[in-house]
Amino acid sequence: LDTRLDGRDIQVQGVGEGASQASKDSLNDPARTMISETQYAWLTNGLTTSTSTWRVIGNQVMFTPVDVTPIDTAYLFNAVGPLFAAFLRPQVPTLQGVFELAFYGDVWSNYPAQRSALTQLLERTPVTNTVIVTGDFHCAFAFDVPGPTKNVAVEFMTPSISASNFDENLGSVAFLQPILPALLGTVDTTLRKLNPHLKWHDITEHGYELVDI
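An account of the accompanying structure is given in this report. (Residues numbered from 1 in each chain as written. Predicted model: local features only at pLDDT ≥ 70, side-chain atom pairs only at ≥ 80, totals over all residues. Heavy atoms only, no water.)

1. A short note on the packing of helix H3 (residues 73–88) against helix H7 (residues 180–194)
Next, step 1: One way to put it is that H3 packs onto H7 with a least axis distance of 9 Å and a crossing angle of 155°. It follows from the interaxial angle that H3 and H7 lie roughly antiparallel. The way H3 lies across H7 gives a crossing that is right-handed. Across from Tyr75, Leu76, Ala79 and Val80 in H3, the residues of H7 making contact are Ala182, Leu183, Gly185, Thr186 and Thr189.
Next, step 2: Across the contact of H3 with H7, the residue classes break down as six nonpolar, three polar and no charged. (Axes fitted to C-alpha atoms, helices over the stretch in contact; angles between N-to-C directions. Helix = DSSP H or I, 4+ residues; strand = E, 2+ residues; numbered from the N terminus. Parallel < 35°, antiparallel > 145°, perpendicular 65-115°, else oblique. Left-handed = near helix turned anticlockwise from the far one by under 90°. Contact = heavy atoms within 4.5 Å. Nonpolar A, V, L, I, M, F, W, Y, C, P; charged D, E, K, R; others polar.)

Written out as structure tokens, the structure is:
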């Protein structure tokens, strides 16, 4: 898929916990698309007419919905101790915004109407064994992809070979370096608690992915 140029509407900013009503309205506009009508028709036709055992979708940005709101502040404050906790409390909205930008911005979650149409199609038609392989998040994830009433696919996301991931991005901020393990642990616990369809993840290691079918 080309989810960069062909039919992609402008990304909606500020769609997290504190989103304005205007941002919410824009986000949920059914006319907004990640891919063009032509590409969507090509994709869905291929999925529904293929007689292959496996259907593998090469995809550029995270497809599966991921929730990171609210971040696990109980874990964070306990991990950093009372002194750092007092310092961090006023910074929580900023940290929340950083996580929301990563998981709600340049991903399919910013285009929910078209993703919903695709997952509904996968659920209501006899399309089985669908695998989505994705990059461009610099971290590794394995998901069950939820549809309206059941899982409709799996998604595997490859880590980066050299591009920075969570430990490097957070660690580049000098005053966060002493509490970096606690911050990474907070991302981990937040992801696990809020996303039962997340089966595995690694937000710090580099590498590549092999899919053996």
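2. Quick look at empty space enclosed by the protein
Next, step 1: Within the structure shown, the criterion is met by one cavity of 30 Å³ or more.
Next, step 2: Of the voids in this model, the largest cavity is the one considered here, and its volume is about 30 Å³.
Next, step 3: Here the lining of the largest cavity is composed, by residue class, of six nonpolar, one polar and no charged. (1 Å grid on protein atoms, 1.4 Å probe; cavity = no way out; pocket = protein on both sides within 12 Å on 5 of 7 lines; lining within 4 Å. Points joined across faces, edges and corners; volume = space filled by probe spheres on them.)

3. A word on the sheet that holds strand E5 (residues 198–202)
Next, step 1: The strand order across the open sheet formed by five strands is E1-E2-E4-E3-E5, and the pairing between neighbours is mixed. Only two strands of the sheet have a single neighbouring strand rather than two, namely strand E1 (55–59) and E5. For this sheet the average axis-to-axis angle between neighbouring strands, irrespective of direction, equals 20°.
Next, step 2: Note that strand E3 (residues 140–146) and strand E4 (residues 151–157) share six bridges and pair antiparallel. Note that in E4 the partner of proline 146 across the bridge is asparagine 151. (Pairing = 2+ DSSP bridges.)

4. A look at the packing of aromatic side chains
Next, step 1: According to the stated counting rule, one finds eight aromatic pairs in the structure shown.
Next, step 2: Judged by centre distance (6.4 Å) and plane angle (40°), the rings of phenylalanine 137 and phenylalanine 166 are tilted. Linking phenylalanine 137 in the loop between strand E2 (130–134) and E3 with phenylalanine 166 in helix H6 (residues 166–171), this pair joins segments that are 29 residues apart in sequence.
Next, step 3: Note on phenylalanine 137: relative accessible area 11%, which makes it buried.
Next, step 4: A residue is classified by how much of its surface remains accessible, and phenylalanine 166, at 10% relative accessible area, is buried.
Next, step 5: By the ring-pair criterion, three or more aromatic residues cluster together here, those being Phe103, Phe137, Phe141, Phe143 and Phe166. (Phe/Tyr/Trp six-rings, centres within 6.5 Å; stacked < 30°, edge-to-face > 60°. Buried < 20%, exposed > 50% of the residue type's maximum accessible area, 1.4 Å probe, protein only.)

5. A few points about the pattern of salt bridges
Next, step 1: For the coordinates displayed, the defined rule picks out five salt bridges.
Next, step 2: Two residues, arginine 8 and aspartate 106, come together in a salt bridge whose shortest N-O distance is 2.7 Å. Here arginine 8, found in the segment before helix H1 (21–27), pairs with aspartate 106, found in the loop between helix H4 (92–104) and helix H5 (112–124); they are 98 residues apart in sequence, far enough to count as distant.
Next, step 3: Classification of aspartate 106 as partly exposed rests on a relative accessible area of 28%.
Next, step 4: Put simply, Arg4, Arg8, Asp106 and Asp136 are held in one network by salt bridges that share partners. (Salt bridge = Lys/Arg side-chain N within 4 Å of Asp/Glu carboxyl O.)

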